[in-house]
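Each chain, letter by letter, is given below.
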Amino acid sequence: MIATAYAIPDVLVFLTSALLILVGAVGVLAMRNPVHSALSLIMALFGVAVAFVAQSADFLAAVQIIVYAGAIVVLFLFVIMFLGVDRTETVRVEPLVGQRVFAGAGVLVTVAGLITLFARSHWVTGAIAVSSSGQPLSTGSANVTQLGTAVFTTYLFAFEATAALLIVAVVGAVLLARRERAVDAEGSQS
Amino acid sequence: MNVPAAWYLVLAALLFGIGAFGVLTRRSALIMFMCLELMLNAVNLTFVTFSRTLNDIGGQAAVFFVMVVAAAEVTVGLGIVVSVFRRRSSTSVDELSEMKG
């Protein structure tokens, strides 16, 4: 019934990405070992990349794989190994009584509210073509052209601001993770 | 015809919920960061879905910037985790309670 309304490949791609995302996300949450959580995170991020490709965001899918799965998760794994915290966390103990129940209830209400909002709203108002003359988004290399044009013209100021943000973040991370040499020297002398 | 946007929106809502539950319940700072990434990705998925539905490239540009900010956030956040771990030998957020009233 579904297959008659929508093209079967599209449905299959959606189901694949949904499976990857949900299994990966639950894995991040449920795994005891942080390394396993990080690997599940890669799975979920890959699922999101599949969903990006299915919705003609080819460039973002590539960036998703390269930046998220390639760089950010590796950074996570590096910190996990570096700190040696890859032992299992005791999940059985619950320091705050009822924390999980309240968290679950809050999340349930939020998600149910979101889904209700999606179901009852008419997002496609017909008022499309805010910036792209109403043409459907291109795929493949044309998508890169389109996105690049938008980033370097309409959103140029934001682009420059993110450059500054990255510089500040790198300097901040170096400062935060640096050992304080003066304290170490005193410690070794005494 | 592509599958309706609502499917992807519901998927993003579920992903956001799972991530939010993880941030609220897990106590290891590293796992909380991973769940934050899940929430950011849920929002990215919503942006891309609306970008397709409304034929507006602005949504994809927003995702681009969210990714940059997420990378910066993870860098600084993990720097803080490393620096806290040096003093405490622990990444559990329950032990950071000096400012408790």
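Here the structure is a predicted model, which means the values were calculated and not measured.

A.B. asks: Account for the overall build of chain B, naming residues and giving values.
C.D. replies: Across its full length, chain B carries three helices and zero strands. Helices (α) and strands (β) of chain B occur, in sequence order from the N terminus, as α-α-α. Counting only residues that meet the buried cut, chain B has 60% of its 101 residues in that class. When contacts within chain B are restricted to residue pairs at least 6 apart in sequence, long-range pairs at least 24 apart make up 59% of them. For chain B, the exposed area adds up to about 3700 Å²; of that, 70% sits on carbon and sulfur atoms.

A.B. asks: Tell me about the confidence of the model for chain B, and please be specific about residues and values.
C.D. replies: A residue-level look at chain B finds 98% of positions with pLDDT of 70 or above and a mean pLDDT of 87. The least confident element of chain B, judged by mean pLDDT, is helix α3 (residues 58-88) of chain B at 89; the most confident is helix α2 (residues 29-54) of chain B at 91.

A.B. asks: Residue-level account of the nonpolar core, with values.
C.D. replies: Judged by nonpolar contacts, the single largest core of 61 residues is most densely connected at A:L41, A:F52, A:L60, A:F76 and B:L45. Breaking this core down by element, the ones donating at least two residues are α2 (8-30), α3 (34-54), α4 (58-83) and α6 (141-154) of chain A together with α1 (5-25), α2 and α3 of chain B. Looking at which element gives the most residues to this core, the answer is α3(B), with 12 residues. Leaving out residues up to four positions away in the same chain, A:L60 has contacts with A:F52, A:L147, B:V48, B:Q60, B:V63, B:F64 and B:M67.

A.B. asks: Quick one: what's the story with unusual backbone geometry, residue by residue and with numbers?
C.D. replies: The phi dihedral of A:S56 is positive, around 55 degrees, even though this residue is not glycine. Looking at the secondary structure, you find A:S56 in the loop between α3 and α4. Of note in this structure, B:N55 is not a glycine but carries a positive phi near 55 degrees. Among the structural elements, B:N55 can be located in the loop between α2 and α3. Note on B:N55: relative accessible area 12%, which makes it buried.

A.B. asks: How would you summarise the side chain of B:R52 if you had to cite specific residues and measurements?
C.D. replies: By secondary structure assignment, the location of B:R52 is in helix α2. One buried charged side chain, B:R52, makes no salt bridge at all; its nearest oppositely charged neighbour is A:D10, positioned 7.4 Å away. Among residues more than four places away in sequence, those in contact with B:R52 are A:Q55, A:L137, B:N2, B:V3, B:P4, B:A5 and B:Y8.

A.B. asks: An account of the packing of aromatic side chains is requested, with residue identities and associated values reported.
C.D. replies: Evaluated as defined, the whole model comprises eight aromatic pairs over all chains. Each ring, one from A:F78 and one from A:F82, has its centre 6.1 Å from the other, and the planes form 5 degrees; the classification is stacked. Here A:F78 and its partner A:F82 are both found in helix α4, four residues apart, which amounts to about one turn of the helix. On the accessibility criterion, A:F78 (57% relative accessible area) is exposed. Ring centres 4.8 Å apart and planes at 65 degrees place the aromatic pair A:F152 and A:F159 in the edge-to-face group. Put simply, the rings of A:F59, A:F152, A:Y155, A:F159, B:F64 and B:F65 touch in pairs and so form one group of aromatic residues.

A.B. asks: Residue-level account of α6(A), with values.
C.D. replies: In this model, α6(A) (14 residues) spans 20 Å end to end at C-alpha, consistent with the 20 Å of a helix rising 1.5 Å per residue. Within the span of α6(A), buried status applies to A:N143, A:L147, A:A150 and A:V151. In a view along the axis of α6(A), the buried residues occupy a sector of 95 degrees, so they form one face of it. Facing away from the buried side of α6(A) by over 90 degrees, the exposed positions are A:S141, A:T145 and A:T153. Those residues of α6(A) that are buried lie in contact with α4 and α7 (156-177) of chain A together with α3 of chain B.

A.B. asks: With reference to specific residues and values, describe the packing of α2(A) against α1(B).
C.D. replies: At their nearest, the axes of α2(A) and α1(B) sit 9 Å apart, and the two run at 5 degrees to each other. Judged on the interaxial angle alone, α1(B) and α2(A) are roughly parallel. Contacts between α2(A) and α1(B) involve A:V11, A:F14, A:S17, A:A18, A:I21, A:L22, A:A25, A:V26 and A:L29 from the former and B:W7, B:Y8, B:L11, B:L14, B:L15, B:I18, B:F21 and B:G22 from the latter. The class makeup of the residues in the contact of α2(A) with α1(B) is 15 nonpolar, two polar and no charged.

A.B. asks: An account of the packing of α2(A) against α2(B) is requested, with residue identities and associated values reported.
C.D. replies: Orientation of α2(A) relative to α2(B), taken along the N-to-C sense of each, is 155 degrees, at an axis distance of 9 Å. In terms of orientation, α2(A) and α2(B) fall into the roughly antiparallel class. By crossing handedness, the relation of α2(A) to α2(B) is classed as left-handed. Of the residues in α2(B), those touching α2(A) at A:I21, A:A25, A:V28 and A:L29 are B:I31, B:M34, B:C35, B:L38 and B:L45.

Rules and cut-offs
Residues numbered from 1 in each chain as written. Chains lettered and ligands numbered in written order. Predicted model: local features only at pLDDT ≥ 70, side-chain atom pairs only at ≥ 80, totals over all residues. Heavy atoms only, no water. Helix = DSSP H or I, 4+ residues; strand = E, 2+ residues; numbered from the N terminus. Buried < 20%, exposed > 50% of the residue type's maximum accessible area, 1.4 Å probe, protein only. Contact = heavy atoms within 4.5 Å. Areas by Shrake-Rupley, 256 points an atom, 1.4 Å probe, with all protein chains shown as cover. pLDDT = per-residue confidence, 0-100. Core = buried A, V, L, I, M, F, W, Y, C linked by side-chain atoms within 4.5 Å. Lys, Arg positive; Asp, Glu negative; His and termini not counted. Salt bridge = Lys/Arg side-chain N within 4 Å of Asp/Glu carboxyl O. Phe/Tyr/Trp six-rings, centres within 6.5 Å; stacked < 30°, edge-to-face > 60°. Expected span 1.5 Å × (residues − 1). Arc of directions from axis to C-beta. Axes fitted to C-alpha atoms, helices over the stretch in contact; angles between N-to-C directions. Parallel < 35°, antiparallel > 145°, perpendicular 65-115°, else oblique. Nonpolar A, V, L, I, M, F, W, Y, C, P; charged D, E, K, R; others polar. Left-handed = near helix turned anticlockwise from the far one by under 90°.

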